[in-house]
Amino acid sequence: QVQLVESGGGLVQAGGSLRLSCAASGSIFRVHGMGWYRQAPGKQRELVAFITSGGSTNYADSVKGRFTISRDSAKNTAYLQMNMLKPEDTAVYYCNADLLLRTDLSRRGAWGQGTQVTVSS
(Lines give C-alpha, C1' and ligand atoms only; values in the text may rest on other atoms or scores of the structure.)
Protein backbone atom coordinates (compact mmCIF):
# COMPACT_ATOMS: atom_id res chain seq x y z
CA GLN A 1 0.00 0.00 0.00
CA VAL A 2 1.16 3.52 -0.77
CA GLN A 3 -0.15 6.83 0.42
CA LEU A 4 0.36 10.47 -0.47
CA VAL A 5 -0.50 12.94 2.26
CA GLU A 6 -0.70 16.66 1.53
CA SER A 7 -0.60 19.45 4.06
CA GLY A 8 -0.18 23.20 4.22
CA GLY A 9 -3.33 24.50 2.58
CA GLY A 10 -5.46 27.23 4.08
CA LEU A 11 -6.87 30.71 3.73
CA VAL A 12 -4.58 33.58 2.81
CA GLN A 13 -4.99 37.12 1.53
CA ALA A 14 -3.97 38.07 -1.97
CA GLY A 15 -0.25 38.69 -2.12
CA GLY A 16 0.43 36.21 0.66
CA SER A 17 2.29 32.91 0.68
CA LEU A 18 1.65 29.28 1.49
CA ARG A 19 3.83 26.19 1.40
CA LEU A 20 2.32 22.83 0.54
CA SER A 21 3.92 19.50 1.41
CA CYS A 22 3.31 16.05 -0.03
CA ALA A 23 4.76 13.00 1.69
CA ALA A 24 4.76 9.59 0.03
CA SER A 25 4.81 6.55 2.28
CA GLY A 26 4.31 2.82 2.13
CA SER A 27 5.92 0.08 0.13
CA ILE A 28 7.93 2.37 -2.14
CA PHE A 29 11.18 1.43 -3.78
CA ARG A 30 11.65 4.69 -5.62
CA VAL A 31 9.76 7.89 -6.36
CA HIS A 32 10.16 9.19 -9.88
CA GLY A 33 8.44 12.42 -10.90
CA MET A 34 6.21 14.33 -8.50
CA GLY A 35 3.70 16.96 -9.43
CA TRP A 36 1.16 19.39 -8.08
CA TYR A 37 -2.21 19.80 -9.77
CA ARG A 38 -5.17 21.94 -8.88
CA GLN A 39 -8.88 21.94 -9.55
CA ALA A 40 -11.09 24.96 -9.10
CA PRO A 41 -14.90 24.64 -8.89
CA GLY A 42 -16.37 23.98 -12.30
CA LYS A 43 -12.98 23.60 -13.94
CA GLN A 44 -10.80 20.71 -15.01
CA ARG A 45 -7.83 19.59 -13.00
CA GLU A 46 -4.68 21.23 -14.31
CA LEU A 47 -0.97 20.76 -13.84
CA VAL A 48 0.64 23.44 -11.71
CA ALA A 49 4.22 22.23 -11.37
CA PHE A 50 6.25 19.08 -11.88
CA ILE A 51 9.67 17.92 -10.75
CA THR A 52 11.60 14.93 -12.02
CA SER A 53 13.72 12.62 -9.93
CA GLY A 54 16.72 14.52 -11.26
CA GLY A 55 15.36 17.86 -10.14
CA SER A 56 14.21 19.29 -13.47
CA THR A 57 11.09 21.40 -13.11
CA ASN A 58 8.18 22.53 -15.23
CA TYR A 59 5.50 25.10 -14.41
CA ALA A 60 2.18 26.24 -15.74
CA ASP A 61 2.50 29.68 -17.32
CA SER A 62 0.05 31.10 -14.80
CA VAL A 63 2.36 30.36 -11.83
CA LYS A 64 5.81 30.92 -13.32
CA GLY A 65 7.84 33.29 -11.20
CA ARG A 66 5.49 32.90 -8.22
CA PHE A 67 5.51 29.18 -7.36
CA THR A 68 8.50 26.93 -6.74
CA ILE A 69 8.42 23.15 -6.60
CA SER A 70 11.13 21.23 -4.78
CA ARG A 71 11.65 17.80 -3.29
CA ASP A 72 13.53 15.98 -0.58
CA SER A 73 14.19 12.58 -2.10
CA ALA A 74 15.43 11.13 1.19
CA LYS A 75 12.01 11.85 2.68
CA ASN A 76 9.97 11.06 -0.45
CA THR A 77 8.46 14.52 -0.05
CA ALA A 78 7.64 17.28 -2.49
CA TYR A 79 6.94 20.90 -1.67
CA LEU A 80 5.19 23.75 -3.43
CA GLN A 81 6.14 27.22 -2.27
CA MET A 82 3.44 29.62 -3.43
CA ASN A 83 4.19 33.34 -3.28
CA MET A 84 2.26 36.39 -4.49
CA LEU A 85 -0.95 34.40 -4.37
CA LYS A 86 -3.94 35.61 -6.34
CA PRO A 87 -7.66 34.90 -5.92
CA GLU A 88 -7.53 32.87 -9.13
CA ASP A 89 -5.14 30.45 -7.41
CA THR A 90 -8.04 29.31 -5.24
CA ALA A 91 -8.52 25.58 -5.77
CA VAL A 92 -8.04 22.16 -4.28
CA TYR A 93 -4.40 21.24 -4.77
CA TYR A 94 -3.51 17.60 -5.38
CA CYS A 95 -0.18 15.87 -5.25
CA ASN A 96 0.72 13.18 -7.75
CA ALA A 97 3.69 10.83 -7.75
CA ASP A 98 5.09 8.27 -10.16
CA LEU A 99 6.15 5.37 -7.96
CA LEU A 100 8.18 2.20 -8.26
CA LEU A 101 6.75 -0.24 -5.74
CA ARG A 102 8.93 -2.32 -3.45
CA THR A 103 6.60 -5.33 -3.52
CA ASP A 104 6.91 -6.23 -7.18
CA LEU A 105 8.90 -3.36 -8.73
CA SER A 106 5.83 -2.34 -10.69
CA ARG A 107 5.31 1.28 -11.58
CA ARG A 108 2.15 3.13 -10.68
CA GLY A 109 0.83 6.61 -10.15
CA ALA A 110 -0.71 7.79 -6.91
CA TRP A 111 -2.78 10.80 -5.87
CA GLY A 112 -3.15 12.56 -2.58
CA GLN A 113 -6.50 13.48 -1.07
CA GLY A 114 -6.15 17.17 -1.88
CA THR A 115 -5.74 20.28 0.22
CA GLN A 116 -7.82 23.44 -0.11
CA VAL A 117 -6.13 26.73 -0.90
CA THR A 118 -8.31 29.82 -0.71
CA VAL A 119 -7.00 33.27 -1.61
CA SER A 120 -9.16 36.20 -0.61
CA SER A 121 -9.08 39.51 -2.44
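Everything quoted here is computed from the prediction, not taken from an experiment.

A. Up close: the overall build of the protein. The number of helices and strands found in the protein is zero helices and eleven strands. In the protein, the succession of α and β elements from N to C terminus is β-β-β-β-β-β-β-β-β-β-β. Computed over the C-alpha atoms, the radius of gyration of the protein is 14 Å, within 12% of the 14 Å expected from 2.2 N^0.38 for a compact globule of 121 residues. By principal-axis analysis of the C-alpha atoms, the protein measures approximately 50 × 25 × 20 Å. Among the 121 residues that make up the protein, the fraction classed as buried is 43%. Counted over contacts in the protein with a minimum sequence separation of 6, partners at least 24 positions apart contribute 57%. Of the roughly 6400 Å² of accessible surface on the protein, a fraction of 48% belongs to carbon and sulfur atoms. A gap of 3 Å separates the mean positions of the 13 positive and 8 negative side-chain charges of the protein.

B. Up close: the packing of aromatic side chains. All told, the structure shown has one aromatic pair when counted by the stated rule. R45 extends its terminal NZ or CZ atom over the ring of Y94, reaching a point 3.7 Å from the ring centre. Directly above the ring of W111 sits R45, whose terminal nitrogen or CZ lies 4.7 Å from the centroid.

C. Representation of the state of the cysteines. By the definition in use, this model includes one disulfide. Between C22 and C95 runs a disulfide, and the two sulfur atoms are separated by 2.0 Å. Between C22 and C95, the S-S torsion sits near -80 degrees, and that sign places the bridge as left-handed. Linking C22 in strand β3 (residues 18–26) with C95 in strand β9 (residues 91–101), this pair joins segments that are 73 residues apart in sequence. The residues C22 and C95 share a single accessibility class, namely buried.

D. Local environment of the side chain of S21. Of note, S21 is situated in strand β3. Since its relative accessible area comes to 18%, S21 is described here as buried. Beyond its immediate chain neighbours, meaning those up to four positions away, S21 contacts V5, E6, S7, W36, A78 and Y79.

Conventions and cut-offs
Residues numbered from 1 in each chain as written. Predicted model: local features only at pLDDT ≥ 70, side-chain atom pairs only at ≥ 80, totals over all residues. Heavy atoms only, no water. Helix = DSSP H or I, 4+ residues; strand = E, 2+ residues; numbered from the N terminus. Rg over C-alpha atoms; globule rule 2.2 N^0.38 Å. Buried < 20%, exposed > 50% of the residue type's maximum accessible area, 1.4 Å probe, protein only. Contact = heavy atoms within 4.5 Å. Areas by Shrake-Rupley, 256 points an atom, 1.4 Å probe, with all protein chains shown as cover. Lys, Arg positive; Asp, Glu negative; His and termini not counted. Charge placed at Lys NZ, Arg CZ, Asp CG, Glu CD. Phe/Tyr/Trp six-rings, centres within 6.5 Å; stacked < 30°, edge-to-face > 60°. Lys NZ or Arg CZ within 6 Å of the ring centre and 35° of its normal. Disulfide = S-S within 2.5 Å.

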